[in-house]
Amino acid sequence: MTMFTKNPERFDPYKNFKFRVKTEDGVYVAGVSKVSALKRTTDVVKYREGGDPSSSRKSPGHTEYEAVTLERGVTHDLLFEQWANKVWNYGSGLGAEVSLKDFRKNLIIEIYNEAGQLAIAYKLYRCWPSEYQAFPELDAAANAIAIQTLKLENEGWERDYDITEPTEPSFVEPAA
């Protein structure tokens, strides 16, 4: 059985280095270089009737969605900082620290194939920043990129099944 229906000659799964993150209104988040894994855990509820043998039955219980962390190089794009400030802004004054109006956003994580075609997308619902790092520890002796991080709590995610496998372009020999 082939792993890919439209591209049966493809053997390799998608790589994890071609992706983009956008808000529900279609604005791409600039410079994201890393997204943590999407992970959910469902509690196991064990029960046993008194007349059952000594083994228990199991059923699904409460589902938790782990926070997702976005990392990017420090830029002049203010999205991370302005979004984090909606949850807590030091200078906003007593009672006005939280913007309950629009601090939650839906996000879309898009995964692309090697040809740059959209292959898979996931929708993350009601995300809000629980942790923001404006820049890492600064070190004049380092040879590294300054990285911002934004940790996003969310209330669930799902794959966008409207995004189907793209037909990948065929290799064309360059003209001699």
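*Asks:* Can you lay out the pattern of salt bridges for me, pointing to particular residues and giving the numbers?
*Replies:* With the rule as written, the count across this model stands at six salt bridges. Of the charged contacts in the structure, one is a salt bridge between Lys22 and Glu110, with a shortest N-O distance of 3.2 Å. One end of the pair, Lys22, is in strand S1 (residues 19–23); the other, Glu110, is in strand S6 (residues 105–112), with 88 residues separating them in the sequence. You'll find Lys22 and Glu110 in the same group, each marked buried. The closest approach of N and O atoms between Arg126 and Glu155, which form a salt bridge, is 2.7 Å. Of this pair, Arg126 sits in strand S7 (residues 118–133) while Glu155 sits in the loop between strand S8 (147–153) and strand S9 (157–159), placing them 29 residues apart in sequence. Within this structure, Arg104, Arg126 and Glu155 form a network of salt bridges that share partners.

*Asks:* Account for the packing of aromatic side chains, with residues named and values stated.
*Replies:* This structure, assessed with the given rule, holds three aromatic pairs. Aromatic pair Phe103 and Trp128: ring centres 6.2 Å apart, planes at 70°, arrangement edge-to-face. Taken together, the residues Phe103 in the loop between helix H1 (79–87) and S6 and Trp128 in strand S7 connect sequence positions 25 residues apart. Overall, the relative accessible area of 26% leaves Trp128 in the partly exposed class. Pairing Tyr122 with Trp157 gives two aromatic rings, centres 5.9 Å apart and planes at 75°, and the pair type is edge-to-face. Within this pair, whereas Tyr122 is found in strand S7, its partner Trp157 is found in strand S9, the two being separated by 35 residues in sequence. Of the residues examined, Trp157 reaches a relative accessible area of 13% and is grouped as buried. Put simply, the rings of Tyr65, Tyr122 and Trp157 touch in pairs and so form one group of aromatic residues. Lying over the aromatic face of Phe80, Arg72 brings its terminal NZ or CZ to 4.0 Å of the ring centre.

*Asks:* Talk me through the pairing of strand S5 (residues 68–73); I want residue IDs and the actual numbers.
*Replies:* A regular strand places its side chains so that they alternate between the two faces of the sheet. By the bridge criterion, three bridges tie strand S2 (residues 32–35) to S5 in an arrangement that is antiparallel. Note on S5: the bridge partner recorded for Val35 is Leu70. The sheet contact formed by S5 and S8 spans six bridges and is antiparallel. The partner of Val68 across the bridge, within S8, is Leu152.

Criteria and cut-off values
- Residues numbered from 1 in each chain as written.
- Predicted model: local features only at pLDDT ≥ 70, side-chain atom pairs only at ≥ 80, totals over all residues.
- Heavy atoms only, no water.
- Salt bridge = Lys/Arg side-chain N within 4 Å of Asp/Glu carboxyl O.
- Helix = DSSP H or I, 4+ residues; strand = E, 2+ residues; numbered from the N terminus.
- Buried < 20%, exposed > 50% of the residue type's maximum accessible area, 1.4 Å probe, protein only.
- Phe/Tyr/Trp six-rings, centres within 6.5 Å; stacked < 30°, edge-to-face > 60°.
- Lys NZ or Arg CZ within 6 Å of the ring centre and 35° of its normal.
- Pairing = 2+ DSSP bridges.

Interpretation in functional terms is not warranted from these geometric data alone.
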